[in-house]
Amino acid sequence: MKILVAIKRTIDANVKIRVKADQTGVETANVKMAMNPFCEIAIEEAVRLREAGTASEVVAVSAGPAHVQETLRTALAMGADRAVHVETEAELQSLGVAKILKAVVEQETPTLVLLGKQAIDDDSSQTGQMLAALMGWPQATFASKIVLAEGEADVTREVDGGLETIRIKLPAVITVDLRLNEPRYASLPNIMKAKKKPIDVKTVDELAVDVAPRLKILKVEEPPKRQAGVKVESVAALVEKLRNEAKVI
Amino acid sequence: MSEFAGAREIRFQLYDLLDTEALATRARFSGQGRDVYDAVLDTAERVAAEYFAPHTRAADLREPWLEDGKVTLLPEVKAALDAFAAAGFLGAHHDEALGGLQLPWTVTQACLSYFQAANIATTAYPFLTIAAGNLLARFADEAQQRRYLKPMLAGRYFGTMCLSEPQAGSSLSDIKTTARPRDNGSYALRGTKQWISGGEHELAENIVHLVLARTEGAPPGAKGLSLFIVPRYRVNDDGNRGTANDIALVSLLHKMGYRGTVSTILNFGENDRCVAYLIGEPNQGLAYMFQMMNEARIGVGLGAAMLAHAGYLHALDYAKTRLQGRHPGGKDTTAPPVAIVEHADVKRMLLAQKAYAEGAMALCFYAARLVDDEMTAPDEAARQDAGLLLELLTPICKTWPSDYGPRANDLAIQVLGGYGYTRDYPVEQYYRDNRLNPIHEGTNGIQAIDLLGRKAGLEDGRALALLSARIAATCQEAFATQGLTEHARALEHAVATMRQVTETHLRALAAGKRNEALANASLYAEALGHVIVAWMWLRQALVAERRLAAAAPPEADYLRGKRQACRYFFAYELPRVAPLAAILERMEQTCAETSPDWL
């Protein structure tokens, strides 16, 4: 079984985000980048499935400028067998990425596509669902447990009310949640080995995909600063404020 | 950014200052590059954050203890060391033939720096093992390497260095431990060794002690010392662990800091059954050991720098969030209080910490780069120059960071005020941990005598001339850079002053006045250290000036910080050289001429 894992390069989760002065986006120059943490979990799961003998090959795929290859190398150092880089300087939105992934899936014909449930930069949580729809494949999102069997998968999903386990037919798209596993760090010998693993570079034109953005970003701004609190004189005053100002009771 | 070390800072040191990625053009490092080095640093930061940092305080509160006669440590220590070994850090710099990855020493030291900042006490175990391993890789024979070094690189065996004895600390020529030849070429060892870090524990299958001892009939003094491999458990021919090797734990030592590192007194051969194996030639022990010591000294300096850095980051974060007081010029007492980072005196304390920590880091990484250059620079002359400069700089890499690192931690405590004095905040532990660094691996007083008595006049002064030429080259660049010309002038002047002072002392040494000439060696080390760190700051400021025009915040602020810390060093610190030089130049003998009876 071949597993394709889509990964995204994002600002490192530990970096303090700064909005650009012109409010068109966030500052990324000289900012430490890393693999989206949910994508790490997807890679980890795929590598574990291969180590268990369930999967035979793990292919990592990412789209974006040349720098994306650094993140693909991380995936290779964590254990992916090879990588596909779809090179583009264009702005990519969820639908564009889903279309790119569809083209790669058609070339690679994996049995399973794993993605992070969302990326920590735009928090869209759309790409996996869009890919499943474009492919006409079943989808299981927010997975905290994946059990693969012949032609199907039992996936435990984290839903608002608790956990839900569904059975889907393969091939399928699964997006993974935080509790699925704890991703490994890339050991030094594996970092060196990853240098020798192949990265297949394609362009958006070669894949004949239209990635033109459908959404326009009007403005990016910092969340409002938290206001100072007030002291209330009595419990009655507190209740009054909770009821009429905060409107929570 | 982790809480204990700045990823931007370490990358600035490695790439912006030292152009480390250029090393990948050398045959030994071919196929590597910045992507590999970044990935390696990321793994170091991650393992340090997940496995080392979380138990730093717990290991300080719970020193190693004896349980059923066995040295016991918090289980987190073993988990951390297993992760360190599994990630491949123990052998990363070694030859591929030994199972290593041939990473540059500069890069592996940068990795180490993350661990030192996260948890210096737990890092001491692999620090010693790596140092002992390097010694074996260089001087042990093939069979010894197979038997002891290979398991050390895999993290199965740990290493120690056993030099000091109760009566012989700084003075190694007084070592009494003896080695008597046995029939089969090995030796029977007998003696007591003290301050042995990692001397006994159950963290590894075996411990490989590297022990200085005197063979029967060897000449007295340091010339009669030989170096031995002494395993805690004998190793059978098939590589399996054999019987215990007659090494008794006399006592655990209870320290002010570094409390997670077990420190021991060991008795070798109480029952005359302690087997030792000679490394290399007899009577060459101290020369071999100095290979290990020199490397360890730079590592000690780097550890001191990283503890200073960790304390600075904590104090900085505190100063930016702690609201207290108003500006002295403000008249409105009802105005809201400001963050204490707004106060000039707090800024002074933060700038001093930054100047000490990042200046010391620059010095130690520069030395690490010299280690790489000595081994792999393309032409022979460059390799020789690197080796010579390294010899001169090694005692300063040990003394300056370990002198000024604790001062930085002292200021971090001061920034936090009463909170800094409590165990609820990490800065008091940084101070206690860092206070070891002026003491171990050769006290700073001994280093200073080595610097002035041996290194300053090395190769008829060629080492110092080489250093001066490199500083002059930096000054030339600075003269051509707006805003840095005054610094360049001040540094040139300070170098000339130190060369004059050095001349005076070398003349006195040549005239046989050793006692007089070496009486103020510590002042000499401090003054020369200050000049060299000023040079390190000018190098950093030059990079900042070049980059600033094209930089946006937060990078621009980071670079302005570099420029400002350089300005601080030249305004507040470099001027300390002149009064030190004046005392040195007149060879002040107040201390030397003081009778012990008067004290």
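You'll find the structure just up there.
Residues numbered from 1 in each chain as written. Chains lettered and ligands numbered in written order. Predicted model: local features only at pLDDT ≥ 70, side-chain atom pairs only at ≥ 80, totals over all residues. Heavy atoms only, no water.

Here the focus is the pairing of strand 4 (residues 178-181) of chain B. Residue and element names in this part refer to chain B. Relative to strand 5 (residues 187-197), strand 4 runs antiparallel, the two being bridged by 4 bridges. Looking at the pairing, Arg180 lines up with Ala188 of strand 5. Hairpin geometry of strand 4 and strand 5 is characterised by an intervening segment of 5 residues between the two adjacent antiparallel strands and by a positive phi of about 95° at Gly185. As paired elements, strand 4 and strand 6 (residues 206-215) share 2 bridges and run parallel to each other. (Pairing = 2+ DSSP bridges. Helix = DSSP H or I, 4+ residues; strand = E, 2+ residues; numbered from the N terminus.)

All names here are of chain B. As defined by bridge partners, strand 5 adjoins strand 12 (residues 275-278) across 2 bridges and the pair is classed as antiparallel. Note that in strand 12 the partner of Tyr187 across the bridge is Ala276. Note that strand 5 and strand 11 (residues 263-268) share 6 bridges and pair antiparallel. Bridging across to strand 11, Ile196 finds its partner in Thr264.

Note: interface size is frequently given as the accessible area lost on complex formation between the parts. Across the boundary between the two partners, chain B contributes 27 residues, which contact 17 residues of chain A. For the pair chain B and chain A, the two sides together bury roughly 1900 Å², of which 63% comes from carbon and sulfur. With a shortest N-O distance of 3.6 Å, Arg46(B) and Glu40(A) are connected by a salt bridge. The tally of links from chain B across to chain A stands at 6 residue pairs in polar contact (both at pLDDT 80 or more). Of all the secondary structure elements, the ones that give two or more residues to the side of chain B that touches chain A are helix 1 (7-17), helix 2 (34-52), helix 4 (75-86) and helix 17 (555-573) of chain B. (Contact = heavy atoms within 4.5 Å. Buried area = accessible area lost by both parts, 1.4 Å probe. Salt bridge = Lys/Arg side-chain N within 4 Å of Asp/Glu carboxyl O. Polar contact = N/O pair within 3.5 Å; in protein donor to acceptor, adjacent residues only side chain to side chain.)

This part covers the nonpolar core. Inside soluble globular proteins, nonpolar side chains tend to come together where they are buried. Ile43(A), Leu114(A) and Leu491(B) are the most contacted members of the largest nonpolar core, which has 205 residues in total. Element by element, the count of residues in this core is highest for helix 16 (residues 521-548) of chain B, at 18 residues. Not counting chain neighbours up to four residues away, the residues in contact with Leu114(A) comprise Ile3(A), Leu4(A), Val5(A), Ala6(A), Ala42(A), Glu45(A), Ala46(A), Ile146(A), Ile174(A) and Val176(A). Ala131(B), Tyr157(B), Ile229(B) and Ala296(B) belong to the second largest nonpolar core, which has 33 residues in total. (Core = buried A, V, L, I, M, F, W, Y, C linked by side-chain atoms within 4.5 Å. Buried < 20%, exposed > 50% of the residue type's maximum accessible area, 1.4 Å probe, protein only.)

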